[in-house]
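Residues per chain are reported as follows:
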Amino acid sequence: MIMKTKQSIYLLAVVVMMLLVTGCSPDAFSLGGKDLSSDDLVEGIAYEIKHDVSNPNIVIVKSLLPSGYAVIMDTPQGRYQSSEVTLKIPFSGTYKIRMGAETRGGFVWGPYATFTVKDFFAGFVNDPLWTKISGGVGHSKRWKLDIDANTVTKHTDLWAGPLGFWGVDDNWNSVMLGQKIAGDSWNWTPDIAGNGWVMRPMDYGYMEFDLKDGAHVTVHNAETGKTMRGTYMLDTENHTITFSDAQLLHNSGHDGVVTNWSASLSLFGLDDDRLQIAALRDNSSEKPCRLCYNFVSQEYWDNWKPNPGTGTADVQPKLIEGWKNLIENPTNREITYKLAKDDQGAAFDYCNLDGTPKGLTFTAASGIEDAKLVIYYGTNAESRTYTYTAPDGSQVKGTYTLSNEGVITFSKGLGNTALAANFNMSANADNSLRVLSVSTDAYSGALKDLWLGKSCVDDQGQRFQYQGYHWVVQTKGAADVKRYTGKLYIFDSGFNAMSSAPTFITTDGNYTFTLKGKQTDAYGVYLDVPKLYKDHHNCDVKIVSIKVDGHSVPFDDTAINRGTADNDHSTARRYLVNPWGDTKNDKQYYNFSDAVVVTVKVTLDCGTNVMEP
């Protein structure tokens with residue numbers, strides 16, 4: 001007690017001195033002071049731990065230091081660089097917490113303090129993610145790293161191998177939801193058969209999560225022979241997972257390039273038979289990135305078959321009569337294709353061996369509607385040409401051949417275009433694609449749809465499915481109507497973004513953007529219509545109404561900034577909430593549990609430049 005009293009007096013004196021000095025030197029304590037030691041950063045003096053009165057499973061940890069100190073809270077649910085953290089602890093037990101602070105003498109951690117949660121609160125584990133990872137309350141679920149000793153990756157419809165490399169800003173939104181995000185966002189998931197340096201092929205063991213009188217995890221690493229037993233905590237809002245007394249199952253080859261295999265790991269994907277957890281590569285001679293380990297459920301592992309799909313490898317797509325004359329048409333020698341729009345069917349999918357799409361759901365990458373393939377059927381081999389234009393405007397040009405068996409070979413391939421997370425469009429190694437299906441217009445009988453497929457093969461080199469690309473013929477009428485794809489975006493203070501379904505704009509009129517989901521930390525809200533301003537400098541996007549969870553939000557359209565996306569002079573943008581400028585509309589209105597609906601009036605030519613006056 002005497003020691004604690006001395007510490008209190010000491011810290012009080014420090015605080016008084018700092019308050020006296022701040023008037024002369026406002027920036028003096030941006031890094032804290034040398035005077036703080038580990039003994040100062042104790043509970044009751046440097047920070048407090050309180051239970052919420054209405055729900056004691058909610059624990060609030062709050063710094064008592066002056067606001068100039070940059071502090072980190074090390075909690076059972078991960079580390080947070082914040083002066084106040086709210087924890088939602090579902091299970092009874094005794095938990096540890098500590099606070100650290102940045103001072104002029106360096107970063108200092110205080111000792112651990114403990115707090116107790118007395119009861120189980122089921123409301124904090126009713127999120128579907130808890131059930132998907134563990135099987136639900138009272139159950140357990142085992143996960144396997146998606147590789148075995150035969151170099152077989154089983155969930156090849158989702159990824160090429162067990163380990164993916166992602167940008168440091170990638171997160172749940174860009175991986176699981178397939179949304180385009182700002183910052184360092186990229187990915188490469190190599191197959192192990194062709195990239196043995198990434199990981200040794202073997203059965204690495206398992207991770208087993210349960211919800212039996214707590215959230216427990218068992219990690220058996222077959223490479224080291226060690227088994228770790230501990231607990232885990234999911235943050236379903238921020239999509240992170242924290243292990244206590246255990247580590248993420250990973251290969252030893254990457255041990256040294258990651259300093260943290262346990263706390264606040266990024267949850268990149270989670271579904272019934274899919275689990276993706278990423279650690280930050282922060283100790284490598286190469287630039288930092290996220291190492292995303294891909295797992296499949298034990299049930300998926302046990303029931304996987306080498307050749308899923310329709311029949312065996314000798315099954316072939318059955319094409320309609322006269323299919324080749326439709327593609328190579330002597331009357332209409334040049335045919336322009338674009339990937340299917342939402343109202344024309346899926347732009348891409350995995351397809352069975354008979355060419356039929358599997359009907360999987362993907363979130364398409366932004367801009368794929370600009371991909372274009374032009375095929376010219378010349379009178380000789382040299383004049384049978386093609387031009388593929390990628391969404392970024394780059395082109396691949398060459399000649400092509402089309403066999404009677406339905407194999408089209410592009411002399412220089414089609415490049416490599418990201419259509420969605422872990423789904424890239426390219427040709428086979430020999431620059432070929434397979435014609436999977438051909439369809440015609442019901443009235444004219446002319447070619448309408450063309451599905452082309454890239455082979456997916458197993459470790460024995462056997463084809464078991466295709467990556468299918470759905471190309472739609474562009475008739476003159478379709479080419480004359482320019483269509484713009486707009487979306488509504490909301491991001492939180494951690495810059496995790498979510499977006500609405502696309503809204504297609506063709507002419508003057510009212511258009512509605514609906515963003516469904518939930519958000520408790522709205523930080524920025526904006527609406528983008530790419531290329532609208534580029535084509536129509538006198539366009540206007542006027543806000544007509546804003547509704548959040550069915551309730552109207554007050555606004556003044558004239559006070560909401562008009563502009564373009566990052567001054568690219570291409571995308572028409574309306575920032576309803578701009579954290580870098582005047583907030584024109586209070587961000588508090590945009591926290592929602594169901595949907596945000598924004599209706600705008602688009603005018604292609606209002607007579608003057610109002611977006612960038």
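Look a little higher up for the structure.
Structure report, in brief.

A few words now on the overall build of the protein chain. On a plain count of helices and strands, the protein chain comes out with seven helices and 39 strands. When burial is assessed residue by residue, the protein chain has 47% of its 613 residues classed as buried. Within the protein chain, contacts between residues separated by at least 24 positions form 62% of all contacts whose residues are at least 6 apart in sequence. For the protein chain, the accessible area works out to roughly 28,900 Å², and carbon and sulfur atoms hold 50% of it.

The pairing of strands in a sheet comes from backbone hydrogen bonds and takes either a parallel or an antiparallel form. Strands sit in the order S33-S39-S35-S36 across an open sheet of four strands; the sheet is antiparallel. A single partner strand is all that each edge strand has here, and the edge strands are strand S33 (509–516) and strand S36 (551–552). Pairing of strand S35 (residues 540–548) with S36 involves two bridges; the strand directions are antiparallel. Paired with Val 548 across the bridge in S36 is His 551.

Next up on the list: the side chain of Thr 75. Tracing the backbone through its elements, the reader meets Thr 75 in strand S3 (residues 71–75). A distance of 3.0 Å separates the side chain of Thr 75 from the backbone nitrogen of Gln 77, its partner in a polar contact. When residues no more than four places from it in sequence are discounted, the contact partners of Thr 75 are Tyr 80, Leu 87, Lys 96 and Ile 97.

Okay, the pairing of strand S25 (residues 417–420) next. Relative to strand S26 (residues 423–425), S25 is paired through three bridges, and the arrangement is antiparallel. Paired with Ala 418 across the strands is Asn 424, a residue of S26. Between S25 and S26, which pair antiparallel in sequence order, lie two residues; one of them, Asn 422, sits at a positive phi of approximately 65°.

Per the stated rule, a full pass over the model turns up 17 salt bridges. Residues Glu 48 and Lys 50 are paired through a salt bridge, measuring 3.8 Å at the closest nitrogen-oxygen approach. Owing to a relative accessible area of 47%, Lys 50 belongs among the partly exposed residues under this scheme. For the salt bridge of Glu 208 with Arg 142, the shortest nitrogen-to-oxygen distance reads 2.8 Å. You can see Glu 208 sitting in strand S12 (residues 205–211) and its partner Arg 142 sitting in strand S9 (residues 140–145), a full 66 residues away along the chain. When salt bridges with common partners are traced through the structure, they connect Asp 540, Asp 557, Arg 562 and Arg 574 into a single cluster.

What follows is about the sheet that holds strand S5 (residues 84–88). The sheet built from three strands is open, its strands ordered S1-S2-S5 with antiparallel pairing. In this open sheet, the two strands that pair with only one neighbour each are strand S1 (47–51) and S5. Strand after strand, the sheet turns through a mean of 15° between neighbouring axes, direction not considered. Sheet topology places S1 next to strand S2 (residues 58–63); five bridges connect them, and they run antiparallel. By the bridge assignment for S2, Tyr 47 is matched with Ser 63.

Ranked by size, the top nonpolar core spans 66 residues in total, and within it Met 207, Phe 209, Tyr 232, Phe 243 and Leu 275 carry the most contacts. Core analysis: the next-biggest nonpolar cluster, separate from the first, contains 39 residues, Trp 323, Tyr 388, Ala 420 and Leu 452 among them.

Scanning the model with the defined rule gives 24 aromatic pairs in all. Taken together, a centroid distance of 4.9 Å and an interplanar angle of 45° make the contact between Phe 348 and Phe 423 tilted. Remark: Phe 423 occurs in strand S26 and Phe 348 occurs in strand S20 (residues 348–351); sequence separation between them is 75 residues. Each residue in the set Phe 91, Phe 120, Trp 130, Phe 209, Tyr 232 and Phe 243 is aromatic and connected to the rest through ring pairs, giving one cluster.

Taken as a whole, the second largest pocket holds about 1,000 Å³ of empty space. At the level of secondary structure, the elements contributing two or more residues to the lining of the second largest pocket comprise strand S11 (187–188), S26, strand S28 (447–457) and strand S29 (463–473). No other element matches S28, which puts four residues into the lining of the second largest pocket. A breakdown of the residues in the lining of the second largest pocket according to their chemical character gives 15 nonpolar, 13 polar and four charged.

With that settled, consider unusual backbone geometry. Phi is positive for His 239, close to 55°, though the residue is something other than glycine. Within the secondary structure, His 239 sits in the loop between strand S14 (226–235) and strand S15 (240–244). Its identity is not glycine, yet Ser 264 carries a phi of approximately 50°, on the positive side. Turning to its location among the elements, Ser 264 is positioned in the loop between S15 and strand S16 (265–271).

Moving on to the environment of Asp 349. Positionally, Asp 349 belongs in strand S20. Given the relative accessible area of 2%, Asp 349 is considered buried. Linking Asp 349 and Thr 361, residues twelve residues apart in sequence, is a C-alpha distance of 7.9 Å. Beyond its immediate chain neighbours, meaning those up to four positions away, Asp 349 contacts Pro 357, Lys 358, Gly 359, Leu 360, Phe 362, Phe 423, Trp 451, Tyr 466, Gln 467 and Gly 468.

Turning next to the pairing of S29. The two faces of the sheet receive side chains in turn, since in a regular strand these alternate between them. Counting buried positions along S29 yields ten of eleven residues, so the element is predominantly enclosed. Across three bridges, the pairing between strand S19 (residues 334–339) and S29 is antiparallel. Bridge pairing in S29 links Lys 338 to Val 472. Judged from the four bridges that link them, S20 and S29 form a sheet pairing that is antiparallel. When the bridges of S29 are listed, Cys 351 appears paired with Tyr 466.

The rules we used
Residues numbered from 1 in each chain as written. Predicted model: local features only at pLDDT ≥ 70, side-chain atom pairs only at ≥ 80, totals over all residues. Heavy atoms only, no water. Helix = DSSP H or I, 4+ residues; strand = E, 2+ residues; numbered from the N terminus. Buried < 20%, exposed > 50% of the residue type's maximum accessible area, 1.4 Å probe, protein only. Contact = heavy atoms within 4.5 Å. Areas by Shrake-Rupley, 256 points an atom, 1.4 Å probe, with all protein chains shown as cover. Pairing = 2+ DSSP bridges. Polar contact = N/O pair within 3.5 Å; in protein donor to acceptor, adjacent residues only side chain to side chain. Salt bridge = Lys/Arg side-chain N within 4 Å of Asp/Glu carboxyl O. Axes fitted to C-alpha atoms, helices over the stretch in contact; angles between N-to-C directions. Core = buried A, V, L, I, M, F, W, Y, C linked by side-chain atoms within 4.5 Å. Phe/Tyr/Trp six-rings, centres within 6.5 Å; stacked < 30°, edge-to-face > 60°. 1 Å grid on protein atoms, 1.4 Å probe; cavity = no way out; pocket = protein on both sides within 12 Å on 5 of 7 lines; lining within 4 Å. Points joined across faces, edges and corners; volume = space filled by probe spheres on them. Nonpolar A, V, L, I, M, F, W, Y, C, P; charged D, E, K, R; others polar.

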